[in-house]
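Descriptive structure summary
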Amino acid sequence: MSANGVAPSPVGCTEHVPVRWRNRTVHIEYRWIATERSTAPLVVFLHEGLGSVAMWKDFPRQLCDAGGFRGLVFSRPAYGRSTPRRADEVWGVDFMHQQAHEVVPAFLDALGVQEAAWLFGHSDGASIALLLAARWPQRVQGLVVMAPHLFVEDVTVQNIERARDAYEQTDLRHKLARYHDDGDSAFWGWNRVWLDPAFRAWNIEPEVAQIRAPVLAIQGCDDEYGTLAQIRGIAQRVPGTRLLELPDCAHSPHRDQPGAVMAAAVAFIQAHHSPT
């Protein structure tokens with residue numbers, strides 16, 4: 001039972017918690033992992049731009065079991081089984097800042113999470129994790145970030161344009177519908193903001209430079225959505241950052257190289273965790 005009386009969900013099931021955000025209530029889907037490990041590090045998983053609880057598949061459970069951790073997996077608003085984006089809701093270029101500064105802290109508060117957690121983020125979720133660590137250092141023990149975005153690259157925009165074409169012309173829409181209550185909500189919220197010309201100037205390097213928590217930054221050498229300049233940029237700004245550059249690996253290291261990712265993440269968290 002969490003501090004506010006919300007019971008952890010059974011393994012394999014998800015629950016919802018209401019969160020007030022910008023004068024409305026959104027219901028956020030979440031799943032706890034191994035709450036019986038009450039003194040173990042808590043790892044909070046932040047999914048990619050088209051991700052959800054279900055799209056992580058069993059990776060969070062495998063990582064937590066390998067390291068003896070507790071876990072918390074959730075779907076951001078507009079994704080998975082969380083409240084969809086309204087049809088007239090257009091995301092601004094600061095949408096990741098909003099998630100990091102407002103939504104994720106409110107979600108953790110709603111579940112009564114008061115301890116400093118480890119953040120494990122992928123892609124947009126990794127960028128959100130970095131922004132959260134910069135703004136709320138007291139809430140973060142450390143970070144594992146896979147394929148984060150610090151700034152916008154041509155290769156990213158080009159492949160997001162290809163994703164738009166695939167969504168309109170192939171069965172990608174049908175595939176995403178398996179993981180989201182409203183696939184259009186998830187896809188177009190993400191796709192349109194990334195392809196907004198104003199988003200080309202988006203850059204979180206100044207915020208990353210404020211991070212003092214330990215960081216493990218992971219990226220595939222064949223990442224189709226970004227170059228290694230992204231994680232190397234973290235190392236330039238956060239002293240002590242550990243880099244893991246994986247060959248034969250694209251944008252999703254936890255799917256392409258799960259063994260390497262789990263081994264590195266477990267060792268890093270165990271080496272840097274400080275009981276609170």
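This text follows the structure it describes.
All of the points below concern the structure found in this document. (Residues numbered from 1 in each chain as written. Predicted model: local features only at pLDDT ≥ 70, side-chain atom pairs only at ≥ 80, totals over all residues. Heavy atoms only, no water.)

1. Details of unusual backbone geometry
Apart from glycine, the bulk of residues carry a negative phi angle, and the bulk of peptide bonds sit in the trans form. Notably, Arg 22 is not glycine yet its phi reads approximately 50°, a positive angle. Structurally, Arg 22 is set in the loop between strand 1 (15-21) and strand 2 (24-33). Residue Asn 23 is not a glycine yet carries a positive backbone phi of 65°. Owing to a relative accessible area of 76%, Asn 23 belongs among the exposed residues under this scheme. (Helix = DSSP H or I, 4+ residues; strand = E, 2+ residues; numbered from the N terminus. Buried < 20%, exposed > 50% of the residue type's maximum accessible area, 1.4 Å probe, protein only.)

2. Considering the side chain of His 149
Assignment of secondary structure puts His 149 in the loop between strand 6 (140-146) and helix 4 (154-169). A polar side-chain atom of His 149 sits 3.2 Å from a polar atom in the side chain of Ser 123. With sequence-adjacent residues up to four places away left out, His 149 is seen in contact with Ser 123, Asp 124, Ser 127, Thr 156, Trp 194, Trp 202, Ile 204, Tyr 225, Gln 230 and His 251. (Polar contact = N/O pair within 3.5 Å; in protein donor to acceptor, adjacent residues only side chain to side chain. Contact = heavy atoms within 4.5 Å.)

3. Overview of the sheet that holds strand 4 (residues 70-74)
Read across the sheet, eight strands follow the order 1-2-4-3-5-6-7-8 without closing on themselves; strand pairing throughout is mixed. Whereas interior strands pair on both sides, the edge strands pair on one side only; in this sheet they are strand 1 and strand 8 (242-246). When the angles between neighbouring strand axes are averaged without regard to direction, this sheet yields 25°. Pairing of strand 5 (residues 117-122) with strand 6 involves six bridges; the strand directions are parallel. (Pairing = 2+ DSSP bridges. Axes fitted to C-alpha atoms, helices over the stretch in contact; angles between N-to-C directions.)

4. Regarding the pairing of strand 8
On a regular strand, each side chain points to the face opposite its neighbour's, so the side chains alternate between the two faces of the sheet. The pairing of strand 7 (residues 215-220) with strand 8 spans five bridges and is classified as parallel. In the strand pairing of strand 8, Ala 217 is matched with Leu 243. Read from strand 7 through helix 8 (residues 229-237) to strand 8, the crossover connection turns out right-handed. (Right-handed = clockwise from strand over helix to strand, strands pointing away.)

5. So, the layout of surface pockets
Estimates place the volume of the largest pocket at around 480 Å³. Taken together, 26 residues form the lining of the largest pocket, with Glu 48, Leu 50, Met 55, Tyr 225 and Arg 255 sitting closest to its centre. Looking at the lining of the largest pocket, the elements with two or more residues in it are helix 4, helix 5 (172-177), helix 6 (183-194) and helix 9 (253-256). When its residues are assigned to classes, the lining of the largest pocket shows twelve nonpolar, six polar and eight charged. (1 Å grid on protein atoms, 1.4 Å probe; cavity = no way out; pocket = protein on both sides within 12 Å on 5 of 7 lines; lining within 4 Å. Points joined across faces, edges and corners; volume = space filled by probe spheres on them. Nonpolar A, V, L, I, M, F, W, Y, C, P; charged D, E, K, R; others polar.)

6. Here we look at the nonpolar core
Judged by nonpolar contacts, the single largest core of 67 residues is most densely connected at Leu 72, Phe 107, Leu 143 and Ile 211. Among residues more than four places away in sequence, those in contact with Phe 107 are Val 17, Val 19, Ile 28, Tyr 30, Leu 72 and Phe 74. (Core = buried A, V, L, I, M, F, W, Y, C linked by side-chain atoms within 4.5 Å.)

7. Looking at the packing of aromatic side chains
Inspection of every chain in the model, using the stated rule, returns 18 aromatic pairs. A centroid spacing of 6.1 Å and a plane angle of 65° characterise the contact between Trp 56 and Phe 120, whose relative ring orientation is edge-to-face. Placement of Trp 56 in the loop between strand 3 (42-46) and helix 1 (59-67) and of Phe 120 in strand 5 is noted, with a sequence separation of 64 residues between them. Residues Trp 56 and Phe 120 agree in their burial class; the two are buried. An aromatic cluster is built from Tyr 79, Trp 91, Phe 95, Trp 194, Phe 199 and Trp 202, whose rings are joined through pairwise contacts. (Phe/Tyr/Trp six-rings, centres within 6.5 Å; stacked < 30°, edge-to-face > 60°.)

Everything listed here is a matter of coordinates, which is why it stays silent on function.
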